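The lines below spell out each chain.
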Amino acid sequence: MARGKSLFQDFFDRPTLEVAPDLLGKFLCREVDGSILRLRITEVEAYDGPEDKACHAHRGKTPRNEIMFGPAGRWYVYLCYGMHWMLNAVTGPVDFPAAVLFRGCLEVTGPGRLTKALGIDRNQDQAVVARASGLWVEDDGFVVPGDEIERLPRVGIGYAGEEWVNKPYRFVWETKRNS
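Just so we're clear, the structure is a prediction, and the values are computed from it rather than from any experiment.

Rules and cut-offs
- Residues numbered from 1 in each chain as written.
- Predicted model: local features only at pLDDT ≥ 70, side-chain atom pairs only at ≥ 80, totals over all residues.
- Heavy atoms only, no water.
- Helix = DSSP H or I, 4+ residues; strand = E, 2+ residues; numbered from the N terminus.
- Buried < 20%, exposed > 50% of the residue type's maximum accessible area, 1.4 Å probe, protein only.
- Polar contact = N/O pair within 3.5 Å; in protein donor to acceptor, adjacent residues only side chain to side chain.
- Contact = heavy atoms within 4.5 Å.
- Disulfide = S-S within 2.5 Å.
- Phe/Tyr/Trp six-rings, centres within 6.5 Å; stacked < 30°, edge-to-face > 60°.
- Lys NZ or Arg CZ within 6 Å of the ring centre and 35° of its normal.

Chemist: Help me understand the side chain of arginine 40, please; the structure alone is not making it clear to me.
Modeler: Its place among the elements puts arginine 40 in strand β3 (residues 35-48). A residue is classified by how much of its surface remains accessible, and arginine 40, at 14% relative accessible area, is buried. Of the polar contacts made by the side chain of arginine 40, one reaches the backbone oxygen of glycine 25; its length is 2.5 Å. Here the side chain of arginine 40 touches aspartate 140 through a polar contact of 2.8 Å, side chain to side chain. In contact with arginine 40, other than residues within four places in its own chain, are Gly25, Lys26, Phe27, Cys105, Leu106, Glu107, Asp140, Phe142 and Trp173.

Chemist: Would you mind showing me how to read the state of the cysteines here?
Modeler: Here a disulfide denotes one covalent bond, and it connects the sulfur atoms of two cysteines. Within this structure, the stated rule accounts for zero disulfides. Summary of cysteine pairing: cysteine 29 is not part of a disulfide, and the nearest cysteine sulfur, belonging to cysteine 105, is at 9.4 Å. Residue classification places cysteine 29 among the buried positions, given a relative accessible area of 0%.

Chemist: When you look at the packing of aromatic side chains in this model, what are you seeing that I'm missing?
Modeler: Both the distance between ring centres and the angle between the ring planes are used here to describe each pair of aromatic rings. Under the counting rule described, the total for this entry stands at five aromatic pairs. Here the aromatic rings of tyrosine 76 and tyrosine 78 are separated by 5.2 Å at their centres, their planes lie at 35°, and the arrangement is tilted. Considered together, tyrosine 76 and tyrosine 78 belong to a single accessibility category, that of buried residues. Of note, arginine 14 hangs over the ring of phenylalanine 11, and the distance from its end group to the ring centre comes to 4.6 Å. For the cation-ring pair, lysine 167 lies above tryptophan 164, with the distance from its terminal atom to the ring centre recorded as 4.9 Å.

Written out as structure tokens, the structure is:
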């Protein structure tokens, strides 16, 4: 598969609600033992700052979420339910904690399955989103048409209250239309 252009910090240093839909159709790439896996991104969720009650940074900075307060273009990887690693890219300006969760690709659906398929764990936490880190995002020029992007409520955030549960911060590329 042809290699696209790697996305760098400037791509991620924008509001999370802009970055999230722009990630759809890009490749999530992982190098393991000299082999490169490239998976086309189909589903992401935005977590947008301290007011967002579903965001890990809602209650302030902790050792776990401090990367979210740092510069954009870093990985935030955490363990969910003690068994699934979750992969997020930090977005926006320093001191505004926001990130995009990777939920699925054409080849793999579900954030826990995705990290398992790519061998992602705590070792990638805080690394730069770049080929040098072994985990990066590429753009091959493909653009998902706007009418193929569905905005839906996020998954598994019942604790955040009705206002935040119903925010359409999950972006899904409806690829079935292309079949």
